[in-house]
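# Secondary and tertiary structure notes
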Amino acid sequence: MNSIEVKDLTKKFGDFTAVDHINFEIKQGEIFGFLGANGAGKTTAMRMLIGLLTPTSGTGTVAGYDVNTQSEEIKKHIGYMSQKFSLYNNLTVKENIRFYGGLYNIPGKELKVKTDELMARLGLTDYANKLLQGLPLGWKQKLAFSVAIQHKPKIVFLDEPTGGVDPVTRRQFWEMIYEAANEGITVFVTTHYMDEAEYCDRVSIMVDGKIAALDTPATLKKQFETENMDGVFRKLARGAARTE
Amino acid sequence: MKSSFIAMVIKEFKHVIRDGRSLFFLLAQPVMMILLFGFALSNEVKESKVIIVDHAHDLASKGLIQRIDQNRYFHVIGSLSNESEAKEIFEQGRASLIIVFPENFSDDLKHQYKSSVQLIADAHDPNTAAIITTYASAVFRDFQNEQLGLLKMPYEIKVETRMLYNPQLISAYNFVPGVMTLILMILGAMMTSVAIVREKELGTMEVLLASPMHPLQIVLSKAIPYLVLAFITVIIILVLSVFVLHVPIRGSLLLLLAESLLFISTTLALGLLISTITEQQQVAMFISLVGLMLPSLIFSGFMFPIENMPLVLQIISNVIPTKWYYNIVRAIMVKGLGFMSIWKETVILLGMTLVLLTVAIKKFKVHLS
């Protein structure tokens, strides 16, 4: 069964068509890169998938639930890490973990065990009762990702998760993504970094609300006759009408 | 109750407790306001400085001057030979009242049964000027009545005044309900709206909305801590006014607390509404302070009597929640009335709360799609 299926999904704001009849299918455990310039419609498309926006037309399922009618069910089975920072600076490491666990209704006893495990895995046990604001950004980012998948979602949506993070930490972050995918979690990730696009199983590139290309990075590079994803992206983005 | 709801409420409490600004706003501000109004800001006039211009220098004028100096509202600080210096005295702020006795003051009284005294007041503050000239006139009236004991007037009307509920005209009876109303209004609306808008600004609101928690629950769970804290504020204000300012609660304390809870809900609903139409904390704060503070102050009836306003403003005052709560608090605290005399106000507040809440929820949903 496909983890995400989308058919002619469209979102209009007045006269403006932000997302224009997009189609794709994503398999369970796949790492799917969702690329596009600013304003191409990535965020709008993603918001429809996570149940924050209702589509104007088109159909789709996420984790087997209908995006038009079952957004409450969808929310229970996904994790989400927003582009802006999704943890609270004036809560401690432990409180942040427990808060998000509570938000997804993980029972108290189980949550207590999970919290300790998670902190141990991330090497944050010594910082359990420290306020988050003192932590380096990279650590916060890794914590935010771990928190987003602690309720064992079927799919995790990552909206530009590595913005502003140094290359070493980004590398570590991607190792965590691979680990999650190996456990069977589908990863839907948007990014600005073209080297990150290479790490994905498949990549889609949105231009002007439409999906202009969708395939494995290797096939795309061959098709567009360039050596890296950056080249693919540039060739596609050149034709974009919407610019910022 | 779901654990997600509880987790949200706990989280919100932690935010408030760790944010020094919010905590200060919640706890220190009411204390400061009550103490300020209680001890510093008062429209009672005490120890006004008086300068005497005595052209008479006779028995009657001297007696009166002594009488004025002994009065607790006045303090005679000196005398002048001529009232022409009045302007200069007021400009320098040396005194707020000048009393001029004409020549032959005693003689005129004795022989013509009639004399006059001139009061010159510094009316750049009209309220104070009105109050002190009234007080001074009262001193002269007392003197006159004593003299009348010797002579009989052909007829007289004796006016006896009784000030009900507040015989000593203590201003705290007026400002405690007023300050309570204002603080709750600002606190409830501002704290809630800022708390919600802050999450929008941080981007955490989106994460919360993508969670299984229902949007309504998210918003309500954010309002609950402020409900509790505003309630604590009510208790702080009441304790201070009873034990420090000696303003009694004549009616039922339980009723007062229940009505306060209702008013707090009104302000929280207003805060929710503000949060749905703004994206920035600063804007939310601005709307709460400027958009709510002024109408609340003007139309509560706390500082300016609504009966004296033009009809249009009187009509407008009806949609301002503070007016109704202020009436309720005064009715319970000062007059000692029961629910039967404030049911109308209660129904109005309840109605306002429901309307505000409905509009806020509608707007919130529209915002989502």
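So, here is what we can say about the structure in this document.

What counts and how
- Along every chain, residues carry numbers that run from 1 in the direction the sequence is written.
- Chain labels run from A onward and ligand labels from 1 onward, assigned in the order the entries are written.
- Totals for whole chains, interfaces and linings use all residues, but because this is a predicted model, local features are given only for residues with pLDDT of at least 70 and pairs of side-chain atoms are given and counted only at 80 or more.
- Under the DSSP-based scheme used, a helix requires at least four consecutive residues in state H or I and a strand at least two consecutive residues in state E, with every element numbered from the N terminus.
- We take the radius of gyration over the C-alpha atoms and set the globule estimate at 2.2 Å times the residue count to the 0.38 power.
- To sort residues by burial, count the other C-beta atoms lying within 10 Å of each one's C-beta; a count of 20 or more means buried, 12 or fewer means exposed, and anything in between means partly exposed. C-beta atoms are built from the backbone.
- Here, residues touch in the contact sense if the C-beta positions derived from the backbone fall within 7 Å of one another.
- Multiplying one less than the number of residues by 1.5 Å gives the expected span of a helix.
- In this description, one arc is meant: the one made by directions from the helix axis to the C-beta atoms.
- At least two DSSP bridges between two strands are needed for those strands to be called paired.
- Convention adopted: a line fitted to C-alpha atoms gives each axis, helices being fitted over their contacting stretch, and angles between N-to-C directions are expressed from 0 to 180 degrees.
- In this scheme, roughly parallel covers angles under 35 degrees and roughly antiparallel covers those over 145, while 65 to 115 is roughly perpendicular and the rest are oblique.
- Crossings are assigned a handedness: left-handed for a near helix turned anticlockwise from the far helix by less than a right angle, right-handed for a clockwise turn.
- Put simply, a nonpolar core is a cluster of buried Ala, Val, Leu, Ile, Met, Phe, Trp, Tyr and Cys residues tied together by C-beta atoms within 7 Å.

### Quick look at the overall build of chain A
Helix and strand counts for chain A stand at 9 helices and 10 strands. For 244 residues, the compact-globule estimate of 2.2 N^0.38 gives 18 Å, and chain A sits close to it at 18 Å. Principal axes of the C-alpha set define a box for chain A whose edges measure 50 × 40 × 35 Å. Of all 244 residues assigned to chain A, the portion counted as buried reaches 44%. Once local pairs closer than 6 in sequence are excluded, the contacts in chain A between residues at least 24 apart make up 68%.

### Side note on helix H1 (residues 3-18) of chain B
In a regular helix each residue adds 1.5 Å, so 16 residues correspond to 22 Å; H1 of chain B covers 22 Å between its end C-alpha atoms and thus fits that length. Regarding H1 of chain B, the residues found buried are Ser4, Ala7, Met8 and Lys11 of chain B. Angularly, the buried residues of H1 of chain B cover 100° about the axis, an arc narrow enough to put them on a single face. On its buried face, H1 of chain B sits against helix H3 (93-103) of chain A together with helix H9 (215-243) of chain B.

### A short note on the sheet that holds strand S1 (residues 48-54) of chain B
All names here are of chain B. Spatial strand order, S2-S1-S3-S4: 4 strands in an open sheet with mixed pairing. Every interior strand has two partners, whereas the edge strands, strand S2 (74-80) and strand S4 (118-121), have only one. Sheet twist, expressed as the mean angle between neighbouring strand axes with direction ignored, is 25°. The strands touched by helix H3 (residues 59-70) within the sheet are S1, S2 and strand S3 (97-101), with S2 carrying the most contacts at an inclination of about 140°. Helix H6 (residues 126-148) contacts S1, S3 and S4 of the sheet and is inclined by roughly 155° relative to S4.

### Here we look at the packing of helix H7 (residues 172-202) of chain B against H9 of chain B
All names here are of chain B. Following both chains from N to C, one finds H7 and H9 inclined at 160°, their axes separated by 10 Å at the closest point. Our classification of the angle between H7 and H9 gives roughly antiparallel. Both H7 and H9 take part in a crossing whose hand is right-handed. Of H9, the residues touching H7 (which contributes Ala172, Val176, Met180, Ile183, Leu184, Leu187, Gly188, Met191, Thr192, Ala195 and Ile196) are Val219, Lys222, Ala223, Tyr226, Ala230, Thr233, Val234, Ile237 and Ser241.

### Describing the pairing of strand S1 (residues 2-13) of chain A
One face of the sheet, then the other: side chains in a regular strand alternate in exactly this way. Residue and element names in this part refer to chain A. One ladder, built from 8 bridges, connects S1 with strand S2 (residues 16-27); its direction is antiparallel. Looking at the pairing, Asn2 lines up with Lys27 of S2. Between the antiparallel neighbours S1 and S2 lie 2 residues, among them Gly14 with a positive phi of about 65°. Of the pairings in the sheet, the one linking S1 to strand S4 (residues 57-62) comprises 5 bridges and is antiparallel in character. Bridging from a neighbouring strand, Thr10 pairs with Ser57 of S4.

### With respect to the environment of Asp107 of chain B
All names here are of chain B. Here Asp107 lies in helix H5 (residues 105-112). Owing to 13 C-beta atoms within 10 Å, Asp107 belongs among the partly exposed residues under this scheme. Each C-alpha atom of the pair Asp107 and Leu59 lies 9.7 Å from the other, and the pair is 48 residues apart in sequence.

### Observations regarding unusual backbone geometry
In this structure, Ala63 of chain A is a non-glycine residue whose phi angle is positive, near 55°. Using a count of 20 C-beta atoms within 10 Å as the deciding quantity, one classes Ala63 of chain A as buried. For Asn104 of chain B, which is not glycine, the phi torsion reads 60° and is therefore positive. In this fold, Asn104 of chain B is placed in the loop between S3 and H5. Here Asn104 of chain B falls in the partly exposed class, since 15 other C-beta atoms lie within 10 Å of it.

### Digging into the sheet that holds S1 of chain A
To summarise the sheet geometry, strands pair through backbone hydrogen bonds and adopt either a parallel or an antiparallel arrangement. All names here are of chain A. Pairing in this open sheet of 4 strands is antiparallel, and the strands run S2-S1-S4-S5 from one edge to the other. Both outer strands of the open sheet, S2 and strand S5 (65-66), are each paired with one neighbouring strand and no more. Bridging between S4 and S5 involves 2 bridges; their strand directions are antiparallel. By the bridge assignment for S5, Thr61 is matched with Asp66.

### A short note on the nonpolar core
By size, the foremost hydrophobic cluster in this structure holds 133 residues, and its most contacted members are Val156, Phe157 and Val187 of chain A. When residues of this core are assigned to their parent elements, the largest contribution, 18 residues, is made by H7 of chain B. If we ignore the near neighbours within four places in the chain, the residues touching Phe157 of chain A are Met46, Leu49, Ile50, Ile78, Tyr80 and Phe188 of chain A. Ranked by size, the runner-up nonpolar core spans 15 residues in total, among them Ile51, Ile98, Ile120 and Ala136 of chain B.

### A look at the packing of H3 of chain B against H5 of chain B
Residues and elements named next belong to chain B. At a minimum axis distance of 6 Å, the contact between H3 and H5 shows a crossing angle of 110°. As far as their axial angle goes, H5 and H3 are roughly perpendicular. In contact with Leu59, Ala60 and Ser61 of H3, H5 contributes Phe105, Ser106 and Leu109.

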